[in-house]
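Here is what each chain is made of, one letter per residue.
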Amino acid sequence: MKYGYFDDAAREYVITRPDTPYPWINYLGEEDFFSLMSNTSGGYSFYKDARMLRLTRYRYNNVPTDAGGKYYYINENGDLWTPGWMPVKADLEKYECRHGLGYTVITGKRNGLLCEQTALVPLGYTAEVTRVKFRNETDKKKEFTFFSFVEFCLWNALDDMTNFQRNFSIGEVEVIGTTIYHKTEYRERRNHYAVFSVNANIDGFDTDRETFIGLYNGFDDPDVPKAGKSRNSIASGWAPIGSHSIKVKLEPGEEKSFIFVLGYCENPEDQKWECPGVINKAPAQKLLAAFRTDEQFEAAMQAMHAYFEEQLSNYQAKTPDEKMNRMVNTWNQYQCTVTYHMSRSASYFESGIGRGMGFRDSTQDLLGFVHIIPELARERILDIAATQMEDGSAYHQYQPLTKKGNNDIGSGFNDDPLWLIFGVAAYIKETGDESILDEMVAYDCDASKAKPLSDHLIRSFHHVTDNLGPHGLPLIGRADWNDCLNLNCFSKTPGESFQTTANFESGVAESVFIAGMFVAVGEDYQQLCKMRGLDDEAAFADVECKKMYDTVMKDGWDGKWFLRAYDAFGNKIGSHENRDGQIFIEPQGFCVMAGIGIKEGRAKEALDSVRDLLDTPYGVSLLWPTYKEYHVELGEITSYPPSYKENGGIFCHNNPWITIAETMIGRGDRALSTYQHICPAYTEDISERHRTEPYVYPQMIASVDAPRQGEAKNSWLTGTASWTLYSVTQYILGIRPQYNGLMIDPCISDKWDGFTITRKFRGDTFHITVTNPDHVMKGVKSITVDGKAIEGNVLPVYGDGKEHNVQAVMG
Ligand code: GLC
Ligand code: GLC
């Protein structure tokens with residue numbers, strides 16, 4: 001069952017009924033100010049960091065779900081309603097939510113009164129701006145009052161939801177004209193405040209939640225909107241809010257609009273005050289002056305459209321598959337820009353206070369946005385590398401505001417360092433910018449320890465070779481990519497964190513996944529070394545990679561697939577000898593991606609086993625059979641009920657590894673089907689089962705042993721976004737950046753006649769037409785550029801900034 005449809009021309013998903021199976025959200029903000037907004041106008045805003053500078057409050061896991069947001073209550077002759085349906089839930093004659101790129105339009109109609117609320121975070125401003133437009137669609141005059149509403153958060157979101165003995169006494173506001181200033185804690189240490197204002201005369205305001213809503217009411221039943229009159233309350237402690245009321249009269253057919261600005265303002269320390277005790281409001285005035293008129297608002301919307309058209313123009317495809325087109329051309333790329341900004345911090349599943357930017361997460365996210373925003377990818381790499389330790393190991397995460405690494409969610413994940421090599425290689429292949437290798441980058445955020453980025457890569461690589469186990473495979477440390485495979489943890493105490501508990505350093509548990517990854521990044525590492533004249537190091541890497549290849553073939557092979565790991569006692573994990581957890585997806589994906597076993601025929605065998613044992617209609621499960629009991633020696637993975645999360649759920653993130661692996665052995669049909677199974681545009685029709693947004697990937701879909709098979713969770717902030725985009729654009733459609741040019745190497749369904757791609761690459765624009773006259777799955781027999789044949793399948797870098805027409809013929 002569907003709850004909306006894709007409007008491909010407008011690049012919007014249009015939701016046509018408000019009671020979606022889960023709140024379906026969008027992200028507003030492309031720079032420093034962000035809002036999460038659901039299809040019923042729920043959500044919240046923050047500046048830079050969802051934990052440390054939260055502007056508005058949000059209660060996760062609330063009852064009802066998604067209560068709290070930016071609301072416009074309308075009272076027409078005692079009839080109260082909200083255009084987004086929530087929270088009042090009055091029946092609507094019309095409802096629609098259009099989630100677009102960087103904006104959301106929610107439209108509701110009742111009693112012949114149409115209200116359209118359009119929200120965006122304009123480029124260049126630290127504010128969410130909302131235009132609320134009314135139209136009288138009846139033939140009678142209308143008179144009504146409407147009330148804006150936001151609930152301020154007392155800045156530090158964690159403190160805000162825990163430290164009530166202090167919080168209930170600190171809230172402070174100030175109201176001047178139509179502007180409400182939220183200035184809690186400004187007096188002492190903060191140099192920032194929030195404003196909430198409107199571009200029209202108001203009939204009243206409120207800033208005290210209890211006055212506005214009533215102590216025993218919910219958002220659905222607020223006293224002031226119900227009574228139809230503001231009380232001009234000034235908050236003192238408790239819970240400050242912002243609300244304006246405006247009386248509107250509309251002739252039949254008449255339209256009126258109002259522009260609301262919710263903004264973040266900051267003053268330099270020495271300019272905090274206008275005069276003693278009076279806040280310097282200059283930044284607020286400047287901000288508000290930018291959104292006084294509809295023309296200004298329209299211009300901001302146009303700028304947003306132009307911004308995304310420009311970004312997406314770097315890669316546009318036309319294939320015979322409409323769903324693939326809409327994902328590749330719009331939604332998958334868009335999700336990647338969101339994971340760039342958020343990493344795993346703030347979504348409807350990540351509270352914004354639990355996790356910052358992940359070392360491994362953000363380096364993988366790079367894959368999805370490096371072609372869209374290469375300058376920001378560069379900055380991100382340098383930020384991440386600066387948190388690395390001198391021994392090559394890594395903090396698992398850092399907080400975006402401070403950019404300092406921390407161990408809050410553990411440390412010692414031995415795959416982490418390798419992802420840095422992986423990310424840097426992807427960046428240089430896209431941009432050709434080798435100079436990044438020479439950038440001086442701190443260790444442990446200490447500038448006095450700075451070394452060139454190339455030195456960080458060396459220490460990353462050696463962190464693996466310095467930490468090999470009894471079979472010569474890499475030691476796993478706390479865990480590898482699979483955070484829940486905790487082989488050195490042995491936790492028996494309820495509530496203990498699997499990510500931080502360390503009570504059993506075996507020094508022997510090994511990971512075949514890291515081995516595959518080591519070989520996979522090894523070739524890039526050698527190239528990067530050569531770029532910097534480090535030929536001895538490249539030769540060393542070559543030897544180590546070959547050794548590791550052989551080790552995996554010898555001690556990492558189970559007969560029909562690759563083993564997963566060896567535990568703290570040297571026992572096999574992911575072997576047919578085990579009762580549960582006989583086969584895991586990760587090493588099959590990464591070892592084949594590394595090329596291991598392709599020429600020996602083992603890659604195909606491993607992928608056949610994946611097909612036979614892990615495939616489901618909703619995607620490829622992480623492992624089989626699922627663990628039915630807790631194994632203290634395996635850790636968190638066995639703590640999940642069967643077929644959820646890492647215990648054999650469909651962990652979408654690693655499905656594209658199988659897609660890529662399949663393309664490496666030329667099976668385009670299998671590659672395509674693994675791509676399609678988890679792709680949200682294909683699950684749109686079963687939204688009642690799938691539940692999360694049909695326009696973005698979730699992290700996990702419940703698999704075969706779960707009572708709720710096919711149900712997705714944890715949408716938006718997942719490595720799935722970048723990996724799927726990478727797999728479909730670079731391996732299925734096969735347009736793949738290399739150090740020396742752009743490779744054309746598709747692996748598609750043999751039913752396809754071909755496809756076209758426009759790809760910008762290092763300043764040139766390639767219009768690529770791929771034809772498939774012989775109906776093969778893989779192989780390119782000829783390529784011409786601007787009418788001239790070229791040798792091989794790598795388009796050279798012309799660097800002339802021109803458009804080039806490319807004809808590639810498969811066969
Ligand atoms: C989560 C983490 C990611 C990890 C994965 C598997 O998605 O963000 O870092 O690799 O889980 O455990
Ligand atoms: C949990 C999740 C895993 C995530 C980890 C890190 O254990 O199962 O997916 O990566 O937490 O926070």
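Residues numbered from 1 in each chain as written. Chains lettered and ligands numbered in written order. Predicted model: local features only at pLDDT ≥ 70, side-chain atom pairs only at ≥ 80, totals over all residues. Heavy atoms only, no water.

Student: Describe in detail the nonpolar core, supporting the description with residues and values.
Tutor: Membership of the largest hydrophobic core comes to 101 residues, with the highest contact counts inside it found for Val424, Ile428, Leu528, Ile596 and Trp723. No other element matches the 12 residues that helix α12 (residues 512–531) contributes to this core. Counting residues in hydrophobic clusters, the runner-up holds 89 residues, among them Ile15, Cys679, Leu742 and Ile768. (Core = buried A, V, L, I, M, F, W, Y, C linked by side-chain atoms within 4.5 Å. Buried < 20%, exposed > 50% of the residue type's maximum accessible area, 1.4 Å probe, protein only. Helix = DSSP H or I, 4+ residues; strand = E, 2+ residues; numbered from the N terminus.)

Student: Summarise a nonpolar patch on the surface; cite the residues concerned and give the values.
Tutor: On the surface, a cluster of nonpolar side chains totalling about 470 Å² of accessible area is made up of Leu158, Met161, Phe164, Phe168 and Trp238. Relative to the elements of secondary structure, Phe168 occurs in helix α2 (residues 164–170). (Patch = residues over 30% accessible without salt bridge, like charges linked within 9 Å, V, L, I, M, F, W, Y side chains within 5 Å. Areas by Shrake-Rupley, 256 points an atom, 1.4 Å probe, with all protein chains shown as cover. Salt bridge = Lys/Arg side-chain N within 4 Å of Asp/Glu carboxyl O.)

Student: Describe the side chain of Thr659, naming the residues involved and giving the relevant values.
Tutor: Here Thr659 is to be found in helix α16 (residues 655–664). The exposure class assigned to Thr659 is buried, which follows from its relative accessible area of 1%. Those residues in contact with Thr659 that lie beyond four places of it in its chain are Ala671, Thr674, Tyr675, Ser727 and Ile732. (Contact = heavy atoms within 4.5 Å.)

Student: Run through the site of ligand 2, naming residues and quoting values.
Tutor: In the vicinity of ligand 2, the contacting residues are Arg355, Asp483, Cys484, Gln499, Glu636, Tyr640, Lys645, Glu646, Phe651 and Gln699. Asp483 places a side-chain nitrogen or oxygen 2.5 Å from an oxygen atom of ligand 2. Glu636 is positioned such that a nitrogen or oxygen atom in its side chain is 2.6 Å from an oxygen atom of ligand 2. By residue class, the composition of the shell around ligand 2 is 3 nonpolar, 2 polar and 5 charged. (Near = heavy atom within 4 Å. Polar contact = N/O pair within 3.5 Å; in protein donor to acceptor, adjacent residues only side chain to side chain. Nonpolar A, V, L, I, M, F, W, Y, C, P; charged D, E, K, R; others polar.)

Student: Account for the sheet that holds strand β38 (residues 735–738), naming residues and giving values.
Tutor: Hydrogen bonding along the main chain pairs the strands of a sheet, whether they run parallel or antiparallel. With antiparallel pairing, 3 strands are arranged side by side in an open sheet as β38-β39-β44. Edge positions in the sheet fall to β38 and β44 (794–796), since each of these pairs with one other strand and no more. Put simply, the sheet's adjacent strands are angled 30 degrees from each other on average, direction ignored. Where β38 lies against strand β39 (residues 741–744), 4 bridges are found, and the strand directions are antiparallel. Directly across from Gln738, in β39, lies its bridge partner Gly741. (Pairing = 2+ DSSP bridges. Axes fitted to C-alpha atoms, helices over the stretch in contact; angles between N-to-C directions.)

Student: Please set out the site of ligand 1 residue by residue, giving values where relevant.
Tutor: Around ligand 1, a shell composed of Arg355, Arg360, Asp361, Trp481, Asn482, Asp483, Glu646, Phe651 and Gln699 is seen. Between an oxygen atom of ligand 1 and a main-chain N or O atom of Asp483, the distance comes to 3.0 Å. Within the shell around ligand 1, the residues separate by chemical class into 2 nonpolar, 2 polar and 5 charged.

Student: So what's going on with the sheet that holds strand β24 (residues 395–398)? Residues and values would help.
Tutor: Judged by pairing direction, the sheet is antiparallel, and its 3 strands sit side by side in the order β23-β24-β25 without closing on themselves. Two strands in the sheet have a free side with no partner beyond their single neighbour: β23 (357–358) and β25 (405–411). Note: β23 against β24, 2 bridges, orientation antiparallel. Of the residues in β24, the one forming a bridge with Met357 is Tyr398.

Student: So what's going on with the layout of surface pockets? Which residues, and what values?
Tutor: Once rolled over the atoms, a probe with the size of a water molecule shows which space is left empty. Space inside the largest pocket adds up to approximately 1000 Å³. For the largest pocket, the lining is made up of 42 residues, of which Lys429, Ala520, Asp524, Met593 and Tyr731 are closest to its centre. Those elements that place two or more of their residues in the lining of the largest pocket are α10 (416–431), α12, α13 (535–555), α14 (585–593), α16, α20 (720–732) and β38. Broken down by element, the lining of the largest pocket gets its largest block of residues, 8 residues, from α12. Its residues placed into classes, the lining of the largest pocket shows 23 nonpolar, 9 polar and 10 charged. Quantified by volume, the second largest pocket comes out at close to 690 Å³. If you trace the second largest pocket, you find 35 residues lining it, with Arg57, Arg59, Glu151, Arg209 and Phe219 closest to the centre. Counting residues per element, the ones that place at least two in the lining of the second largest pocket are β13 (142–155), α1 (157–160), α2 and α3 (209–213). Partitioning the lining of the second largest pocket into residue classes produces 19 nonpolar, 6 polar and 10 charged. (1 Å grid on protein atoms, 1.4 Å probe; cavity = no way out; pocket = protein on both sides within 12 Å on 5 of 7 lines; lining within 4 Å. Points joined across faces, edges and corners; volume = space filled by probe spheres on them.)

Student: Just give me the short version of the pairing of strand β4 (residues 33–38), but keep the residues and values in it.
Tutor: Within β4, 6 of the 6 residues are buried, which leaves the element mostly enclosed by the surrounding structure. The two faces of β4 match: Phe33, Ser35 and Met37 on one face and Phe34, Leu36 and Ser38 on the other face are all buried. Across 4 bridges, the pairing between strand β3 (residues 25–28) and β4 is antiparallel. The residue bridging Tyr27 from the neighbouring strand is Leu36, located in β4. The turn joining β3 and β4, which pair antiparallel and follow one another in sequence, is formed by 4 residues; a positive phi near 120 degrees is taken by Gly29.

None of this, on its own, says anything about what the molecule does.
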